[in-house]
Amino acid sequence: MKTVARGVHETDPLGTRPLGIRERWMLGVGSIVALLAVWQLATGLGWINPVLLPSPVEIARAFFASAMDGTLIRNVGASLARVVQGFVLAFVIAVPLGIAMGLSRTIGGLFDPILELLRPIPPIAVIPLAILWFGIGEFSKVWIIAYGAFFPILLNTMAGFREVERAHVRAAQALGANRYQIFRDVVLRSALPFVIVGARLGMSMAFIVLVAAELIASSSGLGFMISDARYKFRTDEMFLGMACIGALGFGLNALLRATERRLLRWKSG
Amino acid sequence: MSRTHASSITVQEASVRYGSREVLTRVSLDVRVGEFVCLLGPSGCGKTTLLNAIAGFIPVSDGRITVDGVEVGGPGADRGMVFQEYALFPWFTVEQNVVYGPKLRGASRQELRRLADHYLTLVKLDKYGHCYPNQLSGGQRQRVALARALANQPKILLMDEPFGALDAMTRETLQQELLDLWQADRRTCIFVTHSVGEAAFLAETIVVLKAQPGRIDTVIQNTNPRPRDRTSDAYFAMYRKIDAALREEHEPLRQSVPA
């Protein structure tokens, strides 16, 4: 019998070997650098009208300019404050309601139909109503963001508290746990992953709604920055605003992911 | 380890109904202190229902179940439970799982440490205390579940097909380990299974249940001496006896080869 040498064919017949951390970093950084280089080249050589698509260097210049005169930090601060306030407002209402709806069939049955009616309405569709009700002040925007973040958090929390495994509850009972201890050590613990998923989905929804609200009615924030730059025909500032929104969203999502990893260490075995 | 207190169980004319469907009909059973009983039968015979009723997870519709003369009114720490699907708390470490019961009753840190060490050593998992359950194999998880039940010092150990999801080799190892533990402190054990071989190997008393409606059909005493040899004539004789009781009137053609 012929012995087969340990090679590509034996261990990785489909060429799907997972990449190492270094390889992934190199590929990732490489692709971004390549994109920026092509972009810079395309606008620098005049293939694309730089008024419509400014070069990366132009955008960097806009970044330094607005960072120096304080407008960038003010806009980022305004957007961040709104998104955090709206998110927190949604969270403190959606989580208790979700717990109640998940644990009690009566409360669940009471609110379920209302929820199903409201859920398909995109939060962006309620912006005109919010302006009519609350004006164009801060509360109006916070309310719209809260409305957007509310449903993902509520639905996932509810699902989490509904899907507690009976065997876990029984195991705790047979070990002598009382109702409070079962809630603390079993129900809450097993629902937590769902609540965190809801929070992450709620946060990304809050972002979408934030930008929409700021585009329509605002005098500060990253959405305003983009829309204001359009009137001034400053595409570099538009791109800067978009990049900041991306970075802010990435940062907040990373924060929630870190929280998730801390709280759910048991999941990654 | 010193002998712990065990309990006796009496089931008197107990029935369990779900709606209008009777899943367990007028079951009577006496389990002595320190006895090892297997509940054996086809699916739908109500063996798990009977176990759950003794555990206090489901109420009886008629009749009564008493433990040491006291009527069962709900689950309690005197009756430890081991589930087929392990039911370990995945958010706790192995050690936190094992000492969960004692911790609820406010045992000191040193006491919890001692209990964790003792019971994890007993199930040969003393190096796994800081792991999470999802890092363990099926056999290891069931060992943790057994340690968790034992660390709570129950007077009765209730087991619902605990080794049903394991491969044959692991199952035999765990059967032996369970017997060693039982012989060390003689807790009362009720063990649900659908395996004839498992019942013949483990039990002193085999309660054969039949379905439609779920009821006790036969009770077989297994006096084979321990340690039992799975290749001995006495074992095969017991196997055939249980198998015959199980198949009676359902399938006249009997197989006599153990699975």
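Quick notes on the rules
- Residues numbered from 1 in each chain as written.
- Chains lettered and ligands numbered in written order.
- Predicted model: local features only at pLDDT ≥ 70, side-chain atom pairs only at ≥ 80, totals over all residues.
- Helix = DSSP H or I, 4+ residues; strand = E, 2+ residues; numbered from the N terminus.
- Rg over C-alpha atoms; globule rule 2.2 N^0.38 Å.
- Buried ≥ 20, exposed ≤ 12 C-beta atoms within 10 Å, placed from the backbone.
- Contact = placed C-beta atoms within 7 Å.
- Domains from an automatic or database assignment.
- Expected span 1.5 Å × (residues − 1).
- Pairing = 2+ DSSP bridges.
- Axes fitted to C-alpha atoms, helices over the stretch in contact; angles between N-to-C directions.
- Parallel < 35°, antiparallel > 145°, perpendicular 65-115°, else oblique.
- Left-handed = near helix turned anticlockwise from the far one by under 90°.
- Nonpolar A, V, L, I, M, F, W, Y, C, P; charged D, E, K, R; others polar.

Visitor: Just give me the short version of the overall build of chain A, but keep the residues and values in it.
Guide: Summing up its helical and strand segments, chain A has 11 helices and zero strands in all. The secondary structure elements of chain A, listed N-terminal to C-terminal, are α-α-α-α-α-α-α-α-α-α-α. Expected size for 269 residues packed as a compact globule is a radius of gyration near 18 Å; at 25 Å, chain A overshoots this value by more than 25%. With the C-alpha coordinates of chain A rotated into their principal frame, the extents come out at 80 × 75 × 30 Å. Counting across all 269 residues of chain A, residues that qualify as buried make up 32%. Put simply, of all contacts in chain A between residues at least 6 apart along the chain, 70% involve residues at least 24 apart.

Visitor: Quick one: what's the story with the domain arrangement of chain A, residue by residue and with numbers?
Guide: In many analyses, interface size is given as the accessible surface area lost on bringing the parts together. Splitting chain A by domain gives domain 1 (15-44) and domain 2 (56-267). Using only C-alpha atoms to locate each centre, domain 1 of chain A and domain 2 of chain A end up separated by 31 Å.

Visitor: Could you give an account of helix 11 (residues 235-263) of chain A, naming the residues involved and the relevant values?
Guide: All names here are of chain A. Spanning 29 residues, helix 11 covers 42 Å between terminal C-alpha atoms, matching the ideal 42 Å at 1.5 Å per step. Those residues of helix 11 not exposed but buried are Asp236, Glu237, Met238, Phe239, Leu240, Gly241 and Ile245. Here the buried face of helix 11 lies against helix 3 (56-68), helix 9 (179-216) and helix 10 (222-231).

Visitor: Please set out the sheet that holds strand 7 (residues 156-160) of chain B residue by residue, giving values where relevant.
Guide: All names here are of chain B. Strand order in the open sheet formed by six strands is 6-7-8-3-9-10, with mixed pairing between adjacent strands. Of all strands in the sheet, those with a lone pairing partner are strand 6 (79-82) and strand 10 (215-221), marking the two edges. With strand direction ignored, the average angle separating the axes of adjacent strands in the sheet is 20 degrees. Of the strands in this sheet, strand 3 (36-40), strand 9 (205-210) and strand 10 touch helix 8 (residues 233-247), which is tilted by about 165 degrees from strand 10.

Visitor: I'd love a proper account of the sheet that holds strand 4 (residues 62-67) of chain B, names of residues and values included.
Guide: Residue and element names in this part refer to chain B. Strand order in the open sheet formed by four strands is 2-1-4-5, with antiparallel pairing between adjacent strands. Of all strands in the sheet, those with a lone pairing partner are strand 2 (21-31) and strand 5 (70-71), marking the two edges. As paired strands, strand 4 and strand 5 are joined by two bridges and run antiparallel to one another. Bridge assignment links valine 67 to a residue of strand 5, and that residue is valine 70.

Visitor: So what about the interface of chain A and chain B? Which residues, and what values?
Guide: Tallying the contact residues gives 14 residues for chain A and 22 residues for chain B. Listing elements by their share of the side of chain A that touches chain B, those giving two or more residues are helix 8 (166-174) and helix 9 of chain A. Per-element accounting of the side of chain A that touches chain B gives the leading share, six residues, to helix 8 of chain A.

Visitor: Give a detailed account of the packing of helix 7 (residues 138-162) of chain A against helix 9 of chain A, specifying residues and quantitative values.
Guide: Residues and elements named next belong to chain A. Where helix 7 meets helix 9, the axes come as close as 7 Å, and the angle between the chain directions of the two elements is 155 degrees. Compared by their axis directions, helix 7 and helix 9 come out roughly antiparallel. You can see that helix 7 and helix 9 cross each other, and the crossing is right-handed. Residues of the contact of helix 7 with helix 9, tallied by class, amount to 23 nonpolar, six polar and one charged.

Visitor: Quick one: what's the story with unusual backbone geometry, residue by residue and with numbers?
Guide: Residue and element names in this part refer to chain B. Here glutamine 212 and proline 213 are connected by a cis peptide whose omega angle stands at -10 degrees. You can see proline 213 is positioned in the loop between strand 9 and strand 10. Omega for the bond connecting arginine 226 with proline 227 falls within 30 degrees of zero, at -5 degrees, which places this linkage in the cis form.

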